[in-house]
Amino acid sequence: MATKTQARTAAAKPAAAAKKTAPKTAIKVAPAKKAKAAAVTEAVAPSAVAKKSAPAKAAPKKAEATKAAAKKTVATKAVANRAVTAEAPAKKTSIKPAVKAEAKAPSKVAAKTAPAKKAAPAKKAAAAPKAGSEPVVASKKAVKTAQVAKATKVAEAPAAKSARKAAASKTVSTAPATAEPLAAAVKTASKKTTKRAAATAEPVSAPAPAPAKSATKARKKKAELEVQAPAPAEVQAAAKPVKTTAAKAKKKPAAVSVDAETPPAPAAPAAAPVSPAAPAAPAPAKAQQSQRKNGKSKPAATSTRTAPKQPQAPQAVPAVQSAPVEAPAPKPAPAPAPRFILEARSDRLFGRYEVQAIEGGERWQLSLRGPRARDLQCSCRSFALSDPAGCEHGQFLLTQLRDRLAAGWQAEHSELDLGGGARRQLVWRASPSCPEALAAEVQAVLRGIAQGKLAGASAVAGLLSQAAEAGHELRVSDAVWQHLALAADAAERVRLLGQAYPQLFDSEGLRNLLKLPLPHYQLEAALFAACAGRSLVADDLGLGLYAPALGTAELMLRHFGVERVLLLCAESAQTRWLSEAQSLSHRRASLIWGDAAARREQLAAAGEIKIAALNTLAQDLDALQAHGADLVIVDEAQRLDAATLERLQQLDARGGFVLMLSSQLLNSQPQILLPLVELLDCHRQGPLADFLAEHVHRDGSGRVTGFMSLGDVDETLERLVFSRAKAELLPNLPLALVQLRAVPLSEAQQALQAPLLASLRQAVARWQRSGFVSGAEQLQLKRTVQALRRLAISPQLLDDAAEPGRQAEAPKLLAVAAVARELQGKALDRLWVCSQWDDALAQLQPVLQSAGIAQVAIPASLPLAQRRALAERWRQDARASVLLCSDAAAQGLDLQVPRCGLLNLELAWGEAVLEERLSRVADEDSRGLPLIQLQAQSGFEAALLQLQDTREAMPACSLDGDAGLQLLQGEALADYLSALAALLDLVA
């Protein structure tokens, strides 16, 4: 970099020559300290340059020589001044005018403000001044350098300023309309000009002045520059920008072509709107002071025909010489078309309204009870699922009545009412005349009730007493009392059950709740349902639902005034429920089936438990409503469709006791669980609102769009849903979970059973009269009892008793196939069907084959090796999942396999047989093994089951296959015959 002394020496002679050449020209060069700011300010608006070309061509020819000399002189002095001040500190450079000018009209040849230490390339720049109204046209080197340095300042004559103003006013009026044609002209002209400029571009090696040219040649060059001038700012915004970095401009200052795009100054974003005010110029006093420092005392004069003017601060040519045309104000968006029509259904402000959709005509009924949104009720589903309560129809109503509701609640009395939505809460409307102390007490009581710290009914009764003492009328709606009563009833049920069964599961009343004692986990489900009143029991398959449901019905019948129980199930499950009710419950149960007339008669008949089919609910809805069941039990709730749920809501209009059962865990199936929760929480006590808030995604209109956090569903619905997986209960489960499956006797079985029972009664009666029975009579008694037990399986097991192949006469065999289809792949993977007799299992094989169930049969007559091979095949072959094996054939076999169930084809006489069978399929760590016990619904086997329930142990005998007990003596014989006598007394 050259020093200041070297720069002054190099510029002295050209400066003197310029003074002699143009004595009448006074050129005002910006001080060196302000050179960079002035250079940035001189960003010429391309539209203005193009508009000024016409007046420039009309100038007199006599001024051409003078203009050319002035251009040369200005370029020479600019180079000298920039060389002297090239190393000036950057902090003394004023860049604010440059920032403003660049923001007003960013051009393709915008200046880059840089620190003084990086101004070395400026020494090589030669700038061309502007004279009169003509744009500056310098030499090739000067033009290229002007795009990088831009340090020239021009003082214009008054005539040129007038011409500029006229052109500017014309530009303002035509710029928006000519933006697109101008862009096309620039694109066409730039191709030729760019080639010419590229051909003549040469690198600048020294800061020498540009060579002089004739005025004619200068005007031609100026015209070329005007043609290739960039488009206005609005056209540049649409053009593709060329991102030229400052580093490239510093490295190659002279290689920049005439039409190259230089990035705008970083301080002025192009998108920001800028006012069209003229940029500030340096003060004259400061300029003269700077000139004196640089040794320049003579001011320059303008090259015009008018008298010389006083020196003035150089004025930068504004980037945009006219104010931009303001864009028209955007038109306001049209108001949305109304969607609803409001119609009042009463003549009072706080009354009933109807909102109708303009498109579609759907109607919703609304009730307005106060001036606020929480005082509103709507019949739409969105309102029913909202918490806090609200919907678009209610918002429309409040908007329409805004002016009338502004006065608020002006009644003379205050009110306690019940709000709507997914969670119904108490709403307080205070009259202007309500005492402050009473209002404060009401708010405190409402908070206590919501938090569960206060008993609702007694607390509200206290508020009424306090209002009466204060002489203020306080009204409480009936809905409030009903809401508080429901919460109080649940607490009272818990208290009564705790008082009735103080020892809980060990209480005598719970042990005798049903005919058979229930395990603790089933009693727990029954107690939960009785306390909740309206609940869903969704235990895992295999834990059993029949016994908990019948246990709940018994608790309700005993303690809570229930007189009629309606059990709704699938038509195919009616007989199963009837058999379970007859086997377990002390109450009378009957089926509702047949034609419509028969069903109405059966509903009117005596009996506490009525079992109806769900598919007849639509036909019998009126009759069932008239029946007025106090407890409704719904089986397989997870399979209910929307239509059935709607009919159940109509049947449950009173909101009484409801128990819903599901053999599937529903916490991972929220789409099924949500409508069930909505039906059960019809009083909106809180479970539905909690479920919606914690686990449901909804859109702006309240529609359900998804679910979340399903792992916490059980905790959220702990007051409403009782659900347990089998794995959770395994540590506390017994070895086997017994499921009793009662099967009716066929007509053939009943006909063959009667003579056998008569023979048995005669033998027992002889022993009772004489106290003696011979050995032969003992053997005959055994054969008669075994015949009755085998007859309960199939009549074909009696010699010549029935025709072979008639499956309809053996309901137990058909029940085995039904159980296998029901549990296979769900509660268990393998099933062992066991019996005391091989021929009974042989009768079962064709039944299973006709049902398409593959099985492996192991007869006791086979050698042990073959029986073990068949057992291994059953363990390994997933297709043959059913094993038919008698007690004798199972000797020496390993039948332990995961997820295996045991089905007993007949009811054993004693418990020893059951324990031995369980030990073959379960190890010491096994818990909750499914054990299905098939039993005859009536006759000898049903009586045997009842006898086993009343006795701690059955007397030992040979009925279970123990050959050593063929002949009994003494007390053992007396116990055995006494048990037979008691059994015969129980036979219906």
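A brief report on the enclosed structure follows. Worth saying up front: this structure is predicted, and the values here are computed from it rather than measured.

1. Side note on the overall build of the chain
Next up, step 1: Summing up its helical and strand segments, the chain has 38 helices and 22 strands in all.
Next up, step 2: The buried share of the chain, taken over its 988 residues, is 49%.
Next up, step 3: Once local pairs closer than 6 in sequence are excluded, the contacts in the chain between residues at least 24 apart make up 74%.

2. Let's talk about the pattern of salt bridges
Next up, step 1: A complete count under the given rule lists 36 salt bridges for this structure.
Next up, step 2: For E473, the salt bridge is made with R475, and the minimal N-O distance between the two is 2.8 Å.
Next up, step 3: Taking the relative accessible area as the measure of exposure, E473 reaches 42% and is therefore partly exposed.
Next up, step 4: Where R587 meets E554, a salt bridge forms, and the shortest distance between an N and an O atom there is 3.1 Å. Taken as a pair, R587 in the loop between α23 (574-584) and β10 (589-592) and E554 in helix α22 (residues 546-559) lie far apart in primary sequence, 33 residues in all.
Next up, step 5: When its relative accessible area of 3% is taken as the criterion, E554 is described as buried.
Next up, step 6: What emerges from the salt-bridge pattern is a single network uniting R369, R372, D375, E415, D417 and R429.

3. Quick word on the packing of helix α31 (residues 747-770) against helix α32 (residues 775-791)
Next up, step 1: Between α31 and α32, the least distance of the axes is 10 Å, while the angle of their chain directions is 155°. Here α31 lies roughly antiparallel to α32, going by the angle between them. Note that α31 runs across α32; the crossing there is left-handed. Judged by residue contacts, Q749, L752, Q753, L756, L757, S759, L760, A763 and R766 of α31 engage E777, L781, T784, V785, A787, L788 and L791 from α32.
Next up, step 2: Of the residues that constitute the contact of α31 with α32, the class distribution is 10 nonpolar, 4 polar and 2 charged.

4. Brief notes about the sheet that holds strand β8 (residues 534-537)
Next up, step 1: Spatial strand order, β10-β11-β9-β12-β13-β8-β16: 7 strands in an open sheet with parallel pairing. In the strand order of this sheet, the two ends are held by β10 and β16 (721-722), each with one partner.
Next up, step 2: Helix α27 (residues 670-680) contacts β8 and β13 (657-661) of the sheet and is inclined by roughly 155° relative to β8.

5. Focus: the side chain of S835
Next up, step 1: Among the secondary structure elements, S835 is positioned in strand β18 (residues 830-835).
Next up, step 2: From its side chain, S835 meets the backbone nitrogen of W837 in a polar contact 3.2 Å long.
Next up, step 3: Setting aside residues no more than four positions away along its own chain, S835 makes contact with I793, A840, L841, C885, S886, D887, L905, E906 and R917.

6. Side note on the packing of aromatic side chains
Next up, step 1: Summed over all chains, the structure comprises 6 aromatic pairs.
Next up, step 2: Where F340 meets W364, the ring centres are 6.0 Å apart and the plane angle is 85°; that geometry is what we call edge-to-face. Residue F340 is located in strand β1 (residues 340-344), and its partner W364 is located in strand β3 (residues 363-368); the two are separated by 24 residues in the primary sequence.
Next up, step 3: On the basis of relative accessibility, which here comes to 10%, the residue F340 falls in the buried class.
Next up, step 4: Members of the aromatic cluster, joined through ring pairs, are F340, W364 and F396.
Next up, step 5: Over the face of the ring belonging to W409 we find R429, whose NZ or CZ atom lies 5.8 Å from the ring centre.
Next up, step 6: In this structure, R790 is placed above the aromatic ring of W837, and the distance from its NZ or CZ to the ring centre is 5.3 Å.

7. Points about α31
Next up, step 1: Helix length check: α31 (24 residues) gives 36 Å between terminal C-alpha atoms against 34 Å at 1.5 Å per residue, within 8%.
Next up, step 2: At Q753, α31 is deflected by roughly 25°, the largest bend along its length, and proline P755 occurs up to four residues later in sequence.
Next up, step 3: Where α31 is concerned, the buried positions are Q749, Q753, L757, L760, A763, V764 and W767.
Next up, step 4: Elements in contact with the buried residues of α31: α32, α33 (811-823), α37 (940-950) and α38 (970-986).

8. Here we look at the sheet that holds strand β7 (residues 474-476)
Next up, step 1: Here 3 strands make up an open sheet; going across it, the order is β6-β5-β7 and the pairing mixed. Two strands lie at the open edges of the sheet, namely β6 (426-429) and β7, each paired on one side alone. Mean inter-strand twist for the sheet, computed between neighbouring axes without regard to direction, equals 15°.
Next up, step 2: Sheet topology places strand β5 (residues 414-418) next to β6; 4 bridges connect them, and they run antiparallel. Paired with D417 across the strands is V427, a residue of β6.
Next up, step 3: Strands β5, β6 and β7 of the sheet are contacted by helix α19 (residues 478-500), whose axis makes an angle of about 50° with β5.

9. Considering the nonpolar core
Looking at soluble globular proteins, one finds that nonpolar side chains tend to be buried together.
Next up, step 1: Counting residues in hydrophobic clusters, the biggest one holds 74 residues, and the most contacted among them are L555, W577, I633, W909 and Y976.
Next up, step 2: Each of domain 2 (501-732) and domain 3 (736-986) gives at least three residues to this core.
Next up, step 3: Listed in part, the 39 residues of the second largest apolar core include A538, A637, L679 and L688.

10. What to know about helix α26 (residues 642-651)
Next up, step 1: Of the positions making up α26, those classed as buried are T644, L645, L648 and L651. Relative to the axis of α26, the buried residues are bounded by an arc of 115° and lie together on one face.
Next up, step 2: Contacts made by the buried residues of α26 are with β9 (565-569), α25 (621-627), β12 (631-634), β13 and α27.

Conventions adopted
- Per chain, residue numbering runs from 1 following the sequence as it is written.
- In view of the model being predicted, local features appear only for residues whose pLDDT reaches at least 70, and side-chain atom pairs are presented and counted only at 80 or more, with totals across whole chains, interfaces and linings using the full set of residues.
- Computation of side-chain values: all heavy atoms of the structure, hydrogens and water removed.
- Each helix is a run of DSSP H or I of at least 4 residues and each strand a run of E of at least 2, with the numbering of both proceeding from the N terminus.
- When a residue's accessible area, from a 1.4 Å probe over protein chains only, is under 20% of the maximum for its type it is buried; when over 50% it is exposed; and in between it is partly exposed.
- Residues are treated as being in contact if the distance between any of their heavy atoms lies within 4.5 Å.
- Criterion for a salt bridge: a side-chain nitrogen of Lys or Arg within 4 Å of a carboxyl oxygen of Asp or Glu.
- Axis definition: a line fitted to C-alpha atoms, limited for helices to the stretch in contact. Angles are taken between N-to-C directions and run from 0 to 180 degrees.
- Every angle not falling under 35 degrees, over 145, or within 65 to 115 is termed oblique; those three ranges are roughly parallel, roughly antiparallel and roughly perpendicular.
- Two helices crossing with the near one rotated counterclockwise from the far one by less than a right angle form a left-handed crossing, whereas a clockwise rotation gives a right-handed crossing.
- Three classes are used, and their members are as follows: Ala, Val, Leu, Ile, Met, Phe, Trp, Tyr, Cys and Pro are nonpolar, Asp, Glu, Lys and Arg are charged, and the others, Gly among them, are polar.
- At least two bridges found by DSSP between two strands are what make those strands a pair.
- Any pair of N or O atoms that falls within 3.5 Å is considered a polar contact. Within protein, one atom must be able to donate a hydrogen and the other to accept it, and sequence-neighbouring residues count only if both atoms are side-chain atoms.
- Stacked, tilted and edge-to-face are the three classes assigned to paired rings of Phe, Tyr and Trp, where Trp is represented by its six-membered ring and a pair needs centres within 6.5 Å; plane angles under 30 degrees give stacked, over 60 edge-to-face, the rest tilted.
- Lysine NZ or arginine CZ positioned within 6 Å of the ring centre and within 35 degrees of the ring normal marks a charge as sitting over the ring.
- What a helix should span is 1.5 Å times the count of its residues minus one.
- A residue's bend is the angle separating two fitted axes: one through the seven residues that end there, the other through the seven that start there.
- We define a nonpolar core as any set of buried Ala, Val, Leu, Ile, Met, Phe, Trp, Tyr and Cys residues linked to one another through side-chain atoms lying within 4.5 Å.
- Here the bounds of each domain stem from an automatic or database domain assignment.
- Working definition: the arc comes from the directions between the helix axis and the C-beta atoms, pointing outward to the latter.

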